[in-house]
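# Notes for the structure review
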Amino acid sequence: MGLTPSRAWRQLRRGGVLVGLLALGQICFAAPPSAKSPGAVSPSRIVSLNPSLTAILVALGAGNLLVGIDDFSAQQQPALAALPTVGGLYDPSLEAVVTLRPDLVVLVPSAAQRDFRAQLESLGVPVLALAPLTFEEVLASIETLGARTGHAAAAQARVAAIQAARAEVERAAAGRPRPRAVLVLQREPLFVVGAGSFIDEMMRSAGAQNLGAEFSEPYPRASLEWLVAARPEVILDASSEPGTPREFWSRWPSIPAVERGRVVSLAPGVATLPGPELDHALRVLGDALAPPENERAARSAP
(Lines give C-alpha, C1' and ligand atoms only; values in the text may rest on other atoms or scores of the structure.)
Protein backbone atom coordinates (compact mmCIF):
# COMPACT_ATOMS: atom_id res chain seq x y z
CA MET A 1 0.00 0.00 0.00
CA GLY A 2 1.61 3.28 -1.09
CA LEU A 3 1.40 6.66 0.56
CA THR A 4 0.07 9.79 -1.05
CA PRO A 5 1.89 13.00 -0.07
CA SER A 6 -1.00 14.05 2.20
CA ARG A 7 -1.09 10.70 3.98
CA ALA A 8 2.69 10.65 4.32
CA TRP A 9 2.53 14.12 5.87
CA ARG A 10 -0.03 12.94 8.44
CA GLN A 11 2.21 9.99 9.26
CA LEU A 12 5.20 12.31 9.60
CA ARG A 13 3.33 14.54 12.06
CA ARG A 14 2.14 11.55 14.05
CA GLY A 15 5.25 9.39 13.98
CA GLY A 16 8.06 11.95 13.76
CA VAL A 17 10.73 12.49 11.17
CA LEU A 18 11.54 8.81 10.71
CA VAL A 19 8.39 7.67 8.95
CA GLY A 20 8.26 10.86 6.90
CA LEU A 21 11.78 10.28 5.62
CA LEU A 22 11.09 6.69 4.75
CA ALA A 23 7.80 7.58 3.10
CA LEU A 24 9.83 9.43 0.49
CA GLY A 25 11.08 6.08 -0.73
CA GLN A 26 7.53 5.05 -1.64
CA ILE A 27 6.65 8.09 -3.68
CA CYS A 28 9.88 8.90 -5.48
CA PHE A 29 10.15 9.21 -9.22
CA ALA A 30 13.37 7.66 -10.43
CA ALA A 31 16.04 10.27 -11.02
CA PRO A 32 19.57 9.00 -11.61
CA PRO A 33 22.16 11.28 -10.02
CA SER A 34 24.30 13.29 -12.36
CA ALA A 35 27.88 14.21 -11.64
CA LYS A 36 29.20 17.70 -12.00
CA SER A 37 29.47 18.58 -15.67
CA PRO A 38 32.79 19.76 -17.10
CA GLY A 39 33.28 23.45 -16.50
CA ALA A 40 30.39 23.74 -14.05
CA VAL A 41 30.90 26.17 -11.21
CA SER A 42 30.72 24.72 -7.71
CA PRO A 43 27.74 26.11 -5.81
CA SER A 44 28.33 28.50 -2.93
CA ARG A 45 24.72 28.89 -1.73
CA ILE A 46 22.84 25.61 -1.29
CA VAL A 47 19.34 25.02 0.00
CA SER A 48 18.64 21.43 1.07
CA LEU A 49 15.07 20.15 1.17
CA ASN A 50 15.80 16.70 2.59
CA PRO A 51 17.43 15.61 5.87
CA SER A 52 19.45 12.78 4.33
CA LEU A 53 20.97 15.12 1.74
CA THR A 54 21.65 17.71 4.44
CA ALA A 55 23.44 15.06 6.52
CA ILE A 56 25.57 14.08 3.53
CA LEU A 57 26.61 17.66 2.85
CA VAL A 58 27.58 18.19 6.49
CA ALA A 59 29.54 14.92 6.64
CA LEU A 60 31.51 15.84 3.50
CA GLY A 61 32.53 19.20 4.93
CA ALA A 62 30.14 21.16 2.72
CA GLY A 63 27.84 22.32 5.50
CA ASN A 64 29.26 25.84 5.21
CA LEU A 65 27.67 26.08 1.76
CA LEU A 66 24.17 25.68 3.15
CA VAL A 67 22.11 28.86 3.36
CA GLY A 68 18.75 27.22 4.05
CA ILE A 69 17.31 23.86 5.07
CA ASP A 70 13.97 22.14 5.55
CA ASP A 71 12.38 22.04 9.00
CA PHE A 72 13.32 18.42 9.62
CA SER A 73 16.96 18.92 8.75
CA ALA A 74 16.99 21.67 11.39
CA GLN A 75 15.67 19.20 13.96
CA GLN A 76 18.29 16.59 13.09
CA GLN A 77 21.28 18.90 12.72
CA PRO A 78 21.61 21.13 15.82
CA ALA A 79 24.75 22.70 14.37
CA LEU A 80 22.60 24.17 11.58
CA ALA A 81 19.87 25.50 13.86
CA ALA A 82 20.77 29.11 13.07
CA LEU A 83 20.12 28.66 9.34
CA PRO A 84 16.84 29.86 7.83
CA THR A 85 14.26 27.11 7.37
CA VAL A 86 12.11 26.94 4.26
CA GLY A 87 9.29 24.61 5.28
CA GLY A 88 8.71 20.89 5.55
CA LEU A 89 9.30 17.96 3.24
CA TYR A 90 5.87 18.34 1.69
CA ASP A 91 5.25 22.06 2.01
CA PRO A 92 8.45 23.98 1.23
CA SER A 93 7.96 27.68 0.62
CA LEU A 94 8.93 28.81 -2.87
CA GLU A 95 9.24 32.38 -1.67
CA ALA A 96 11.50 31.40 1.24
CA VAL A 97 13.79 29.39 -1.03
CA VAL A 98 14.06 32.05 -3.73
CA THR A 99 14.69 34.79 -1.16
CA LEU A 100 17.86 32.95 -0.10
CA ARG A 101 19.26 33.30 -3.66
CA PRO A 102 20.55 29.72 -3.91
CA ASP A 103 22.74 28.63 -6.77
CA LEU A 104 21.71 25.03 -6.07
CA VAL A 105 18.69 23.39 -4.45
CA VAL A 106 19.03 19.69 -3.54
CA LEU A 107 15.96 17.56 -3.05
CA VAL A 108 14.48 14.08 -3.31
CA PRO A 109 12.10 13.99 -6.30
CA SER A 110 8.91 13.01 -4.48
CA ALA A 111 5.48 13.46 -6.00
CA ALA A 112 4.93 16.29 -3.54
CA GLN A 113 7.98 18.18 -4.77
CA ARG A 114 7.58 17.54 -8.50
CA ASP A 115 5.70 20.79 -9.13
CA PHE A 116 7.95 22.64 -6.70
CA ARG A 117 10.99 21.51 -8.64
CA ALA A 118 9.42 22.67 -11.89
CA GLN A 119 8.69 26.09 -10.38
CA LEU A 120 12.28 26.49 -9.24
CA GLU A 121 13.65 25.51 -12.62
CA SER A 122 11.27 27.89 -14.37
CA LEU A 123 12.81 30.69 -12.27
CA GLY A 124 16.30 29.64 -13.31
CA VAL A 125 17.24 28.08 -9.96
CA PRO A 126 19.51 25.02 -10.49
CA VAL A 127 18.05 21.86 -8.93
CA LEU A 128 19.80 18.58 -8.15
CA ALA A 129 17.32 15.74 -7.58
CA LEU A 130 18.61 12.58 -5.92
CA ALA A 131 16.63 9.46 -5.03
CA PRO A 132 18.57 7.49 -2.39
CA LEU A 133 16.33 4.43 -2.09
CA THR A 134 18.69 1.50 -2.69
CA PHE A 135 22.10 1.05 -1.08
CA GLU A 136 23.93 1.88 -4.31
CA GLU A 137 21.74 4.95 -4.82
CA VAL A 138 22.72 6.25 -1.38
CA LEU A 139 26.40 5.81 -2.26
CA ALA A 140 25.82 7.48 -5.64
CA SER A 141 24.16 10.42 -3.87
CA ILE A 142 27.20 10.85 -1.66
CA GLU A 143 29.52 10.81 -4.66
CA THR A 144 27.33 13.19 -6.66
CA LEU A 145 27.08 15.74 -3.84
CA GLY A 146 30.83 15.47 -3.32
CA ALA A 147 31.50 16.11 -7.00
CA ARG A 148 29.09 19.05 -7.18
CA THR A 149 30.49 20.78 -4.09
CA GLY A 150 34.22 20.24 -4.63
CA HIS A 151 34.45 17.52 -1.98
CA ALA A 152 34.95 14.54 -4.26
CA ALA A 153 37.84 13.13 -2.21
CA ALA A 154 35.83 13.24 1.01
CA ALA A 155 32.91 11.57 -0.77
CA GLN A 156 35.10 8.81 -2.15
CA ALA A 157 36.59 8.20 1.29
CA ARG A 158 33.12 8.04 2.85
CA VAL A 159 31.90 5.59 0.22
CA ALA A 160 35.02 3.44 0.65
CA ALA A 161 34.47 3.33 4.43
CA ILE A 162 30.87 2.23 3.92
CA GLN A 163 31.83 -0.45 1.41
CA ALA A 164 34.57 -1.73 3.75
CA ALA A 165 32.11 -1.93 6.63
CA ARG A 166 29.66 -3.87 4.48
CA ALA A 167 32.32 -6.40 3.55
CA GLU A 168 33.36 -6.67 7.20
CA VAL A 169 29.79 -7.24 8.39
CA GLU A 170 29.12 -9.79 5.66
CA ARG A 171 32.27 -11.74 6.62
CA ALA A 172 31.17 -11.80 10.26
CA ALA A 173 27.69 -13.02 9.29
CA ALA A 174 28.94 -15.74 6.95
CA GLY A 175 28.40 -19.25 8.26
CA ARG A 176 26.21 -18.33 11.21
CA PRO A 177 22.44 -18.84 11.45
CA ARG A 178 20.39 -16.19 9.68
CA PRO A 179 17.59 -15.22 12.07
CA ARG A 180 14.12 -14.42 10.81
CA ALA A 181 13.87 -10.71 11.53
CA VAL A 182 11.55 -7.74 11.20
CA LEU A 183 12.63 -4.12 11.34
CA VAL A 184 9.80 -1.98 12.70
CA LEU A 185 9.65 1.66 11.63
CA GLN A 186 6.44 2.47 13.45
CA ARG A 187 4.29 0.34 15.76
CA GLU A 188 0.80 1.79 15.55
CA PRO A 189 -0.07 1.61 12.74
CA LEU A 190 2.62 -0.90 11.94
CA PHE A 191 5.16 -0.03 9.24
CA VAL A 192 8.09 -2.34 8.53
CA VAL A 193 11.01 -2.57 6.13
CA GLY A 194 9.98 -4.44 3.00
CA ALA A 195 11.87 -5.35 -0.15
CA GLY A 196 14.12 -3.16 -2.25
CA SER A 197 15.39 -0.46 0.11
CA PHE A 198 18.89 0.18 1.40
CA ILE A 199 17.73 -1.00 4.84
CA ASP A 200 16.58 -4.34 3.42
CA GLU A 201 19.99 -4.72 1.78
CA MET A 202 21.81 -3.88 5.01
CA MET A 203 19.69 -6.36 6.98
CA ARG A 204 20.67 -9.11 4.57
CA SER A 205 24.33 -8.10 4.67
CA ALA A 206 24.19 -8.24 8.47
CA GLY A 207 22.84 -11.78 8.39
CA ALA A 208 19.05 -11.45 8.63
CA GLN A 209 16.22 -13.06 6.76
CA ASN A 210 14.03 -10.01 6.37
CA LEU A 211 10.49 -11.29 6.81
CA GLY A 212 9.15 -7.96 5.55
CA ALA A 213 10.70 -8.68 2.14
CA GLU A 214 7.58 -10.63 1.25
CA PHE A 215 6.07 -7.19 0.63
CA SER A 216 7.11 -5.68 -2.68
CA GLU A 217 7.12 -2.11 -1.34
CA PRO A 218 10.19 -0.81 0.49
CA TYR A 219 8.33 0.46 3.57
CA PRO A 220 4.91 -1.20 3.68
CA ARG A 221 2.17 -0.94 6.23
CA ALA A 222 1.53 -4.36 7.80
CA SER A 223 -0.76 -5.73 10.47
CA LEU A 224 0.15 -6.85 13.96
CA GLU A 225 -1.54 -10.13 13.10
CA TRP A 226 0.89 -10.59 10.21
CA LEU A 227 3.89 -9.97 12.47
CA VAL A 228 2.66 -12.39 15.15
CA ALA A 229 1.99 -15.06 12.52
CA ALA A 230 5.41 -14.47 10.90
CA ARG A 231 7.07 -15.44 14.20
CA PRO A 232 10.25 -13.35 13.90
CA GLU A 233 13.24 -14.53 15.91
CA VAL A 234 14.51 -10.94 16.14
CA ILE A 235 12.51 -7.72 16.25
CA LEU A 236 14.54 -4.62 15.44
CA ASP A 237 12.44 -1.68 16.64
CA ALA A 238 13.43 1.76 15.30
CA SER A 239 10.17 3.50 16.15
CA SER A 240 10.12 6.79 18.02
CA GLU A 241 6.84 6.16 19.82
CA PRO A 242 6.44 6.34 23.61
CA GLY A 243 7.28 3.29 25.67
CA THR A 244 10.13 0.85 25.23
CA PRO A 245 10.04 -1.79 22.50
CA ARG A 246 10.33 -4.56 25.10
CA GLU A 247 7.27 -3.27 26.94
CA PHE A 248 5.24 -2.97 23.76
CA TRP A 249 6.10 -6.34 22.25
CA SER A 250 5.79 -8.20 25.58
CA ARG A 251 2.05 -8.24 24.90
CA TRP A 252 2.70 -11.05 22.42
CA PRO A 253 4.79 -13.56 24.40
CA SER A 254 4.31 -16.25 21.74
CA ILE A 255 6.57 -14.38 19.31
CA PRO A 256 9.97 -16.14 19.41
CA ALA A 257 11.82 -12.81 19.56
CA VAL A 258 9.87 -11.88 22.69
CA GLU A 259 10.16 -15.31 24.26
CA ARG A 260 13.95 -15.36 23.74
CA GLY A 261 14.58 -11.72 24.70
CA ARG A 262 15.65 -10.65 21.22
CA VAL A 263 13.68 -7.44 20.91
CA VAL A 264 16.32 -4.84 20.04
CA SER A 265 15.78 -1.09 20.29
CA LEU A 266 17.43 0.93 17.52
CA ALA A 267 17.78 4.67 17.97
CA PRO A 268 15.60 6.40 15.36
CA GLY A 269 17.60 7.32 12.31
CA VAL A 270 20.70 5.27 13.13
CA ALA A 271 19.87 2.48 10.69
CA THR A 272 17.10 4.18 8.75
CA LEU A 273 18.51 7.43 7.36
CA PRO A 274 19.82 7.12 3.78
CA GLY A 275 22.75 9.31 4.63
CA PRO A 276 26.52 9.26 5.10
CA GLU A 277 26.76 6.92 8.12
CA LEU A 278 25.79 3.58 6.59
CA ASP A 279 29.03 2.05 7.87
CA HIS A 280 27.87 2.71 11.43
CA ALA A 281 24.37 1.46 10.56
CA LEU A 282 25.75 -1.81 9.20
CA ARG A 283 27.77 -2.45 12.35
CA VAL A 284 24.78 -1.67 14.56
CA LEU A 285 22.66 -4.15 12.62
CA GLY A 286 25.45 -6.73 12.67
CA ASP A 287 25.71 -6.50 16.45
CA ALA A 288 21.92 -6.67 16.85
CA LEU A 289 21.64 -9.78 14.69
CA ALA A 290 24.65 -11.66 16.08
CA PRO A 291 23.72 -14.76 18.09
CA PRO A 292 23.49 -14.24 21.87
CA GLU A 293 26.47 -15.34 23.97
CA ASN A 294 24.71 -18.49 25.19
CA GLU A 295 23.97 -19.62 21.61
CA ARG A 296 27.56 -18.99 20.52
CA ALA A 297 28.85 -20.94 23.53
CA ALA A 298 26.53 -23.84 22.79
CA ARG A 299 27.66 -24.09 19.17
CA SER A 300 31.34 -23.98 20.11
CA ALA A 301 31.03 -26.63 22.84
CA PRO A 302 32.55 -30.04 21.98
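Everything numeric in this text was worked out from a predicted model, so none of it was measured.

### A few points about the pairing of strand β8 (residues 234-237)
- Neither face of β8 is left uncovered, since the one carrying Val-234 and Leu-236 and the one carrying Ile-235 and Asp-237 both have all their residues buried.
- Pairing of strand β5 (residues 180-186) with β8, which is carried by 4 bridges, proceeds in the parallel orientation. Each bridged residue has a counterpart across the sheet, and for Ala-181 the counterpart in β8 is Val-234.
- The sheet contact formed by β8 and strand β9 (residues 263-265) spans 3 bridges and is parallel. Paired with Asp-237 across the strands is Ser-265, a residue of β9.

### Focus on the packing of aromatic side chains
- Counted by the stated rule, this structure contains 4 aromatic pairs.
- Taken together, a centroid distance of 5.4 Å and an interplanar angle of 50° make the contact between Phe-248 and Trp-252 tilted.
- Joined through ring pairs, the aromatic side chains of Phe-248, Trp-249 and Trp-252 make up one cluster.
- Looking at Arg-166, its charged tip hangs above the ring of Phe-135, at a distance of 4.2 Å from the centre.

### Examining the nonpolar core
- Counting residues in each nonpolar core, the largest one holds 49 residues, and the members touching the most others are Ile-142, Leu-145, Leu-183 and Leu-236.
- Considering each element in turn, this core owes the most residues, 6 residues, to helix α13 (residues 278-289).
- Counting 16 residues, the second-largest nonpolar core is a separate cluster that includes Val-184, Leu-227, Ile-235 and Trp-249.

### Some words on the confidence of the model for the protein
- Looking at the protein as a whole, the pLDDT averages 86, with 83% of positions reaching at least 70.
- For residues 1-23, every residue scores under 50 in pLDDT, and the model assigns this stretch 56 contacts once sequence neighbours within four places are set aside.
- Throughout residues 26-39 the model reports pLDDT below 50, and contacts reaching past four residues in sequence, or to other chains, amount to 34 contacts.

### A closer look at the pairing of strand β2 (residues 66-69)
- Pairing of strand β1 (residues 46-48) with β2, which is carried by 3 bridges, proceeds in the parallel orientation. Bridge pairing in β2 places Ser-48 opposite Ile-69.
- For the crossover that starts at β1, traverses helix α3 (residues 51-59) and ends in the parallel β2, the hand is right-handed.

### As for the sheet that holds strand β4 (residues 127-129)
- Reading across the sheet, the 4 strands line up as β2-β1-β3-β4 and stay open at both edges, with parallel pairing between neighbours. Each edge of the open sheet carries a strand with a single partner, namely β2 and β4. On average, adjacent strands in this sheet sit at an angle of 20° to one another, irrespective of strand direction.
- In this fold helix α6 (residues 111-122) packs onto β3 (104-107) and β4, with an angle of close to 150° to the strand it touches most, β4.

Each value, and the rule that gives it
Residues numbered from 1 in each chain as written. Predicted model: local features only at pLDDT ≥ 70, side-chain atom pairs only at ≥ 80, totals over all residues. Heavy atoms only, no water. Buried < 20%, exposed > 50% of the residue type's maximum accessible area, 1.4 Å probe, protein only. Helix = DSSP H or I, 4+ residues; strand = E, 2+ residues; numbered from the N terminus. Pairing = 2+ DSSP bridges. Phe/Tyr/Trp six-rings, centres within 6.5 Å; stacked < 30°, edge-to-face > 60°. Lys NZ or Arg CZ within 6 Å of the ring centre and 35° of its normal. Core = buried A, V, L, I, M, F, W, Y, C linked by side-chain atoms within 4.5 Å. pLDDT = per-residue confidence, 0-100. Contact = heavy atoms within 4.5 Å. Right-handed = clockwise from strand over helix to strand, strands pointing away. Axes fitted to C-alpha atoms, helices over the stretch in contact; angles between N-to-C directions.

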